[in-house]
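Listed here are the chains, written in short residue letters.
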Amino acid sequence: MGDNSEWLKLPIDQKCEHKVWKARLSGYEEALSLYQRIDDEKSPEWGKYLGLIKKFVTESNAVAQLKGLEAALAFVENAHVAGKTTGDVVSGVVTKVFNQPKVRAKELGMDICLTYIEIEKAEVVQDELIKGLENKNPKIVVACIETLRKALSEFGSKIVTLKPIVKILPKQFESREKAVREEAKLLAVEIYKWIRDALRPPLQKINSVQLKELEEEWEKLPSTPPKQTRFLRSQQDLKAKFEQQQAQGDQSEGEDEPETVPSVDPYELLEAVEVLSKIPKDFYDKIEAKKWQERKEALEAVEVLAKNPKLENGDYGDLVRALKKVVGKDTNVMLVSVAAKCLAGLANGLRKKFGTYAGQVVPTILEKFKEKKPQVVQALQEAIDAIFLTTTLQHLSEDVLAVMDNKNPSIKQQASLFLARSFKHQTQSTLPKGVLKPLCAALIKQVNDSAPEVRDAAFEALGTAMKVIGEKAVNPFLADLDKLKLDKIKECADKVELSGGRKGAGGGGDKAAGGGGGKKPPVKAAAEASKSSAQPKKSQPGSSKPASGPVKKGKPASAAGGKAKKAADGKESVESELSPEVCEDLAAGVLPASCLQQLDSANWKERLASMEEFQRAVETMDPTSMPCQALVKMLAKKPGWKETNFQVMQMKLHIVALVGQRGQFSKTSALVVLDGLVDKVGDVKCGGNAKEALTAIGEACSLPWTAEQVVSLAFSQKNPKNQAETLNWLTNAMKEFGFAGVKVKGFINNVKTALGATNPAVRTAAIGLLGVMYLYMGAPLRMFFEDEKPALLSQIDAEFVKLQGQSPPAPIRFTKKAAAEEDADEVDGEQEEDGGQDAMDLLPRTDVGDKITSDLVSKIEDKNWKIRKEGLDEVAAIISEAKFIKANIGELPLALKGRLSDSNKILVQQTLTMLQQLATAMGPGLKQHVKALGIPVITVLGDSKPNVRTAAMATLQSWVEQTGMKEWLEGEDMSEELKRENPFLRQELLGWLAEKLPGLRTAPADLMLCVPQLYACLEDRNGDVRKKAQDALPMFMMHLGYDKMCKATGKLKPASKDQVMGMLEKARAVMPAKPAGPAKAGSGKGSGEPSRASSVSRSTEDLDSKPDVKKVRGGAAAKKGPAGKKPAAKNVKDEEDRSGPLFTFIPNAKEQRIKEEKQLKILKWNFITPRDEYVEQLKVQMLTCFAKWLQDELFHFDFQRHVKAIGVMIERLESESQATIGCLDLILKWFTLRFFDTNTTVLMKVLEYLKLLFAMLNRENYHLTEYEASSFVPYLILKVGESKDVVRKDVRAILTMLCKVYPASKVFPLLMDGTKSKNSKQRAECLEELGCLIEGYGMNVCQPTPAKSLKDIAVHIGDRDTSVRNAALNTVVAVYNVCGEQVYKLIGNLSEKDMSMLEERIKRSAKKAAANPPKQSAPERPQREHPANPNGTFLRKPAQEDPNKLNQARQNAQLSEPNHPSIPKEFQLDLDMIEMDQSRVCELPDLVQHKLDELLEPIMIPEPKMRSVSPHFDDLHNSTASTINFVISQVASGDVNTSIQALAQIDEVLRQEDKAEVMSGHIDQFLIATFMQLRLIYSTHLADDRLEKSDISKLYSCIIGNMLSLFSMEALAKEASMGVLKDLMHGLIMLMLDARVEDIKDGQQLIRSVNLLVIKVLEKSDQTNIISALLVLLQEGLVTTAGPPMSSELVMKCLWRMIRFLPTTIDSINLDRILLDVHNFMKVFPKEKLKQLKSDVPHRTLKTLLHTLCKLTGAKILDHLSMIENRNESELEAHLRRVVKHSGYLPGFKSDYGNEKSGLRTEDRVSKAKVSDILSEIFKKIGSKENTKEGLTELYEYKQKYSDADLEPFLKNTSQFFQSYVERGLRLIESEREAKARIQTSAVIPQHGGDSSVSSTNEELKPAVYYERLKILRQRQGLENTSRGTGGGDEEPQHRPPISSLLSSKPPVASSTDMLQSKLSQLKESRELYQQEQNTHSPAHGHARSALPAANLDDLRKRLEKIKSNRQ
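Reading guide: rules and limits
Residues numbered from 1 in each chain as written. Predicted model: local features only at pLDDT ≥ 70, side-chain atom pairs only at ≥ 80, totals over all residues. Heavy atoms only, no water. Helix = DSSP H or I, 4+ residues; strand = E, 2+ residues; numbered from the N terminus. Buried < 20%, exposed > 50% of the residue type's maximum accessible area, 1.4 Å probe, protein only. Contact = heavy atoms within 4.5 Å. Phe/Tyr/Trp six-rings, centres within 6.5 Å; stacked < 30°, edge-to-face > 60°. Lys NZ or Arg CZ within 6 Å of the ring centre and 35° of its normal. Axes fitted to C-alpha atoms, helices over the stretch in contact; angles between N-to-C directions. Nonpolar A, V, L, I, M, F, W, Y, C, P; charged D, E, K, R; others polar. Expected span 1.5 Å × (residues − 1). Bend = angle between axes of the 7 residues up to and from the residue. Disulfide = S-S within 2.5 Å. Salt bridge = Lys/Arg side-chain N within 4 Å of Asp/Glu carboxyl O. pLDDT = per-residue confidence, 0-100.

A. Fine view of the overall build of the protein chain. In terms of regular secondary structure, the protein chain is built from 97 helices and zero strands. Expressed as a percentage of its 2008 residues, the buried residues of the protein chain come to 54%. Put simply, of all contacts in the protein chain between residues at least 6 apart along the chain, 75% involve residues at least 24 apart.

Below you can see the structure in the form of structure tokens.
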């Protein structure tokens, strides 16, 4: 009892798991009780027991197990979560319950299984039970079979899947256990109840005794089908219905048969057999054998295999081809019969999978029907019937039609009988009129055949068609048959018995045609109704009779407004020809006697009087009794149409027109007069009347028929005038009648004849006619005329271009009733065909079947790839030559299919290209090759190479354009392709399906087969496949429905199912609506614009044509009935109504629309091309807030109405601004639809309105919502890639304006999406716009992050298109201008090629930037305007594009965007303003005034309204630096005043010490400009008599004043580089020596000022630079003799002054540099040469300098020779040593040149000990770990100083490793130093004033060193010419020979001319660009100046001169 007390306290779930069985028993009882008490099936309590239920059923104790089973049953019945336990529990029941001896346990186990089925887990239960059949325990097997039987009996075959059960059933009959066999027998009986005879084939192989017993049992069963008696939880409605029926005594049993007994196809229950591998290996050899016995053996072997009822899919191509060859070519008819049986077996076994080969075999079988032996014919019939079931009649119709004209009656008979048998399998929906029409036409011909068996077969086929689709549907095609034949067809129709006991539509014609039979799907009905409403209503007789309302059915059997007089009227309308006598009698009854007598009078006046009487009689005659034929024959009576008097003739022709208009005019009557009318149509006087008569006949007899007759008559005669006028009449008639029903083929040849006529009028008329046809047919019309001469083609093209984008006019004339009754069905049929079909169908096509020979096919299949390629080339040539081909291409499909899997990828691509060519050539006939060739193209989508996949996708698209999607989705092919576990194939195919499915109105049921594979793809390992599958999910659901898709998840694993169900829920939310039918059946206002209907119907095609090629007209015109004609009064009223407001402002309406879209109550405005449902939705939304008339105009099919409506909207924009904003979302949505139009007129009007709209929104401070922007901006961006420049320009302007009303940061991602387009123009323009946004708004505009955006932009640098590359580069450069070097980090890794392009572009932009100073383009611009970026790359455009376009866009953007406050720009002249301003005549440009106090104050950047400023953009720096650059450039101006003003501005800055630092970085630039001006004065201004000397004096004063100010500030003065100081000193010295200066007023004062300046320069400049400059200047002065002799003396005086300063400045001097300059001097002037000079002062100056240096530095001076190469060869070192020794630092030695060597040797001895100490110290450092690197560096530097130092004594005692370590270390340091030197050299080259000088603290990096090295290298390579010419005589006062002639190795330091060129290179480029712009309108300078040397002209001077000259 102690134990009991323990477990009694435990909770229920723990009791159930207790080790004591009693505890478990108690737990089960309590659990049972608990389960029965819990009311809520979703209670959390259930979850506790999920893991325990299996233990309930697998309980080991028999007593406890029973309770456990009861509890488990209660759990399954009541718990919501029970389904999760299905697999475990049922498995436990099978293994642990069904083997129990207790019957109760088994019963409970079965109940649990059945309950699981009830809660929707049938598949899992069934799988577990079938697994149980494998158990070795027979008790378990018996119980499993019994459970399956019971489940089938109760739930029926809909719930329990029979296929897996039937599959395992035969095995159970073989069991050794009798109980199992008996139970299997009972199960077989139960299955038979549900599927009847479908069970027989799978059980044919069981024991014959058992089979006999089964047959007996089956016979005992009642014939009534069983019913489902137990229902799933989801079938409670059926359960209620069933219970109600039970209560009523099963009265409704018969009605429910179709529901309760689903038809099961026995084929589905069979196992497929693989036979290809079992075909004898020698089959293909034997089948070619000469002995018929061998061939027979081979065929019989295949026949046995083909008899298998279900065959495994595979490649049967070779086998089919072999069998086809036997059927077609074997002479032994017995073998033909066997081969036909084999084909039949294959077709039956493969079913739909055989469809691929059907097109190859059927033509051969049809041809073979010429055999008359019954057994052969029967075998062929069986074969073709079996093959038909694998494909569709549509695919085979071409082949059948091809043999219908065969001469052999047997073939014609069998073809007709085949059609009769085929029709029996069709329904109204599967036998469209497009297929039936040509077949009926061919059968009607056979009805009149001479052979009776052919006639009977044709009657039978027509009768079957009538039975299947109804009499009304077939009657239009039988109009020409007499009553006897019609009766015979009806008789045949009555005898026909359709397959499956179906009732045809023939019995109740009206019901069938009206769709009342219930078989026509609603979509189809709507489609047909739409077509009828779109057709012209030929029954409309004008105002005399009211319209009969909308046509409600597909094709009316009668057009008589509801009057049932078809038969009688039909006989009357097919009028037989009357004899002359009868005509005279009839005419006499209605015409006056005098009229008839005078008709043929010789007197023309009497004939004219007769005609007048004739006319009066006709006008007063009753139309119904008018004998039209008699009257026109009277008119034709002699002289008839040969009448010579034009007045009589005019009357006669007018009467014909009257008779045609008023009477019942038949074609018979028309034929009487047409010849005469055509003969007179070209007559000058009578032509008008003739055309009137022809038009009347067109109204009476239909234009298509009249046109055909008239054109053929006109071209049968040779009168060119008649031909031309006939064509002119036809051109006009087409506009009036519309194009409906016109048979293009009927007169296209005559048009070609006209085009080739010699008479130009005929050709012009023909081209005019083609223009009108083009309005209706579009571009395909041109294909008819591809072979015409180029000149003629160009004329045709020009005509087409004129009409491009225009819509055909609405018809104003219609065929009258009588003609409509006679020919209505025919014409209507033609309308539907011609309107619905592509013009491609009308093209003359060539049959190339004969050219596809077996040799060619074998070539394509050859083992050698080169031969295969030759074969493909030949095929391509055949197709190219034929241009348009028929569908018959022989055995080519199978051959090409092989090439699609070729190992050579080049051949695969060639095959794909050829298939694209084939698609264009074959047109719609391609449909029959979809299975054979199209599906293998899908397989190629799995190729690993992207280019092959791309080619395959292009091929696929081109095929679908021709075939539509239906053929591709039928059958299992698509699902088989998706089964392939190829990620490339799956993602490409799913992406393609996701794109195509939304465009289909209906999809075949076979689409369901793809769903399991779709679910597998949702869980694919490849992420791209999963994404594509998710994208495709809503599109599948759109066609299959959510419920079906959910049901299909039943077979998934639980984990997968939950995941997929979640995705289905998401997909359901975004599932698009199905596209509506092409029209809704009319409104009460007639059928719309009738002639337009046919052309519009081309745009809205059904599934069988081209669903993806939809044109979006004004809201899908085909949908509207309300466009019908209204009475005139109504129109007036409408015009009055238009005075009201366009838009109604409804508060919160827009918010409501936004809310509905968010809740997915309406479609989200998101599409690739707008579908009809979007248009409909927009129309509905507009109803409440748009004026009715405006909405009608906006959705009118005529584009001119759109233009008119937009015009009105523009007029009312300002007055209705608030209402416009209220409806803004709808307005923008309508405009997105217009973006998909091709009409440029509408597009331009749209853009005009949008520009005004956004301007208004900006004024109103309105900001677009996310909802409005997302439904408009992406579609606007599409148009930025438009081919027309004017459109692109407008779109860019709108995008710029858009940024005012919508954040630029949100526009940016949309533009980024635009860069992914396939349109290169769009990519380029989007990239340009992105660049503009970055320039204008900074880097913060880049969303989501700058790095991601920049990486995506940088990808386009490698684009194939040049414009895209350039745009991408410009955009990245714009980023560079904003954030500098950081751009390289942002763009990530680029290819080497792309990176080099980018770097080059950045360099170029830097040069252009310096040459493009910022301008203010207009003084009236707002202050907050953003300053032009000096580095802006978007101010230019790549050379191949319009250079002004982007600039203009930028200017527009600047004008419109709110930007930063402008920062004052010092030193800037607004040149643009000056050039444009012509108001000032003589005044020179004023300087811009500046607030200098603001210059250095911290700038407070205001917070922008719309966007943030990038932190990288330093506006102040860019603005100030570029302004200073510009003003400095003006200093060197050739215009004195300009230069003075610039100098004054700079002086103003320099005089204020706190402001002067802004000049830092610009000193060299300023000094260069200054001495350029000095040279200009020296060479030009002083010699120019026209210049006032006072001006020159003033200029000099300004220059010297500026210099004094500059050199008063030591910090700025030290920035001057050596080269610049050299040229400056030279300029100042030349000024002091210029005698002309003394002649100027205050000249002496000027020279004193210069003297003072020179002293300042010497004192304040960098001492190293100034000494070097003076040394170089002295050297140049001594070399050349051209300059004044005093110049060298003055230089030396300056040097002496510097020598005096040396004691105080020695510490700041770079001695290495000075000694290098002295060394160079001594190389040019060695000691001997120096002594030969006239004066010894230079020699003494040099010695003094060296002596002073030695005195100040002592022996250390010898350590400063490091920059001299080969010191041993230098005189300097020897001289220094002597000086040092003489000075007392090295006593005991003489100081003359001759003791050099002994001096060196002695010095070596003296310093030997010192050297040893130094090296020992260095090697100690190298040996220590801490200082090893420092030691190596010191050793390297020591070796550099003492190249002859001997290290051997220190290394010889060390290890080899240590020696190699030292050597490696020295080499490494050497390479690092060299690399550093190269980098520094390149860095020092000045691109900006601030970069040109290095701080004086870093002495060794002074730029002069590198200039010198660069100069030397340039001279060595012949790139530098140091000689200077004198332009004009004395531009360069110091002339010298080339320095290279004086030097052996190194020249002196370069002149600053190189630096000058570098400094001003950007300014020069700017000058050149400016000159190009201005050279067209800048007159030459008025004054003839002396020739100016090129070197002295500043680049900007010309620009300023032009301004000046313009003023004068």
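There's plenty left to go through after this.
B. Fine view of the packing of aromatic side chains. Tallying each qualifying case throughout the model produces 23 aromatic pairs. Look at F1235 and F1272: their rings are 6.0 Å apart centre to centre, the planes differ by 40 degrees, and that puts the pair in the tilted class. Separated by 37 residues along the polypeptide, F1235 in the loop between α64 (1224–1234) and α65 (1240–1259) and F1272 in the loop between α66 (1266–1270) and α67 (1273–1279) bring together distant segments of the chain. What makes F1272 buried here is its relative accessible area of 0%. Through a chain of ring-to-ring contacts, three or more aromatic side chains come together here, namely W1165, F1167, Y1174, F1236 and Y1275. The lysine or arginine in question, K685, covers the ring of F646, its NZ or CZ lying 4.2 Å from the ring centre.

C. Examining the packing of helix α7 (residues 103–118) against helix α8 (residues 122–132) more closely. Direction vectors running N to C along α7 and α8 enclose 145 degrees, while the axes themselves pass 7 Å from each other. Taking contact as the criterion, the partners of C113, Y116 and I117 in α7 are, on α8, A122, V125 and L129. Residue composition of the contact of α7 with α8, grouped by class: six nonpolar, no polar and no charged.

D. Structural detail: helix α54 (residues 1023–1040). The terminal C-alpha atoms of α54 lie 25 Å apart, and with 18 residues this matches the ideal 26 Å at 1.5 Å per residue to within 8%. Along α54, the sharpest change in direction is near 30 degrees and occurs at A1032; proline P1034 comes one to four residues later. When α54 is considered as a whole, its buried residues turn out to be V1025, A1029, A1032, L1033, P1034, M1035, F1036, M1037, M1038, H1039 and L1040. Backbone geometry just downstream of α54 places G1041 in the positive-phi region, at approximately 90 degrees.

E. Inspection of the state of the cysteines at higher detail. The final tally for this structure, using the stated rule, is zero disulfides. Take C1185: it sits in no disulfide, and the sulfur closest to it among the cysteines is that of C1223, at 3.9 Å.

F. Up close: the environment of L1628. Inspection of the secondary structure puts L1628 in helix α82 (residues 1618–1633). A sequence separation of 57 residues divides L1628 from F1571, and the C-alpha atoms of the two residues are 8.3 Å apart. Once residues lying within four places of it in the same chain are set aside, the contact partners of L1628 are L1574, V1650, L1653 and V1654.

G. How the structure looks around unusual backbone geometry. Of note, the bond from Q1343 into P1344 is cis; its omega dihedral lies within 30 degrees of zero at 5 degrees. Looking at the secondary structure, you find P1344 in the loop between α70 (1320–1337) and α71 (1346–1354). Within the chain, R351 stands out as a residue other than glycine whose phi angle is a positive 55 degrees. One can find R351 in the loop between α19 (333–350) and α20 (355–368). Positive phi, close to 80 degrees, is recorded for S702, a residue that is not glycine. Relative to the elements of secondary structure, S702 occurs in the loop between α37 (687–701) and α38 (703–716). Judged by its relative accessible area of 4%, S702 is buried.

H. Examining the pattern of salt bridges more closely. Counted according to the given criterion, the structure contains 73 salt bridges. Measuring nitrogen to oxygen at the nearest pair gives 4.0 Å for the salt bridge that ties D456 to K488. Of this pair, D456 sits in helix α25 (residues 452–469) while K488 sits in helix α27 (residues 483–495), and the two are 32 residues apart along the sequence. Put simply, E977 and R980 hold a salt bridge, and the shortest N to O gap is 3.1 Å. With a relative accessible area of 4%, E977 lands in the buried category. What makes R980 partly exposed here is its relative accessible area of 41%. The network of salt bridges with shared partners includes D1285, R1288, R1292, E1325 and E1329.

I. Seen up close, the side chain of H1719. If you trace the backbone, H1719 turns up in helix α87 (residues 1711–1724). Here H1719 is in contact with I1764, S1770 and L1772, once residues within four sequence places are set aside.

J. Fine view of the confidence of the model for the protein chain. Averaged over the protein chain, the pLDDT score is 75; the fraction of residues at 70 or greater is 75%. Here residues 817–838 is modelled with pLDDT under 50, and outside its nearest four sequence neighbours on either side it reaches 63 contacts, counting other chains as well. This stretch, residues 1920–1960, has a pLDDT under 50; its non-local contacts, to residues over four places away or in other chains, come to 101 contacts.

K. Helix α3 (residues 21–37), seen in detail. The terminal C-alpha atoms of α3 lie 24 Å apart, and with 17 residues this matches the ideal 24 Å at 1.5 Å per residue to within 8%. For α3, the set of buried residues is A23, R24, L25, S26, G27, Y28, A31, L32, L34 and Y35.

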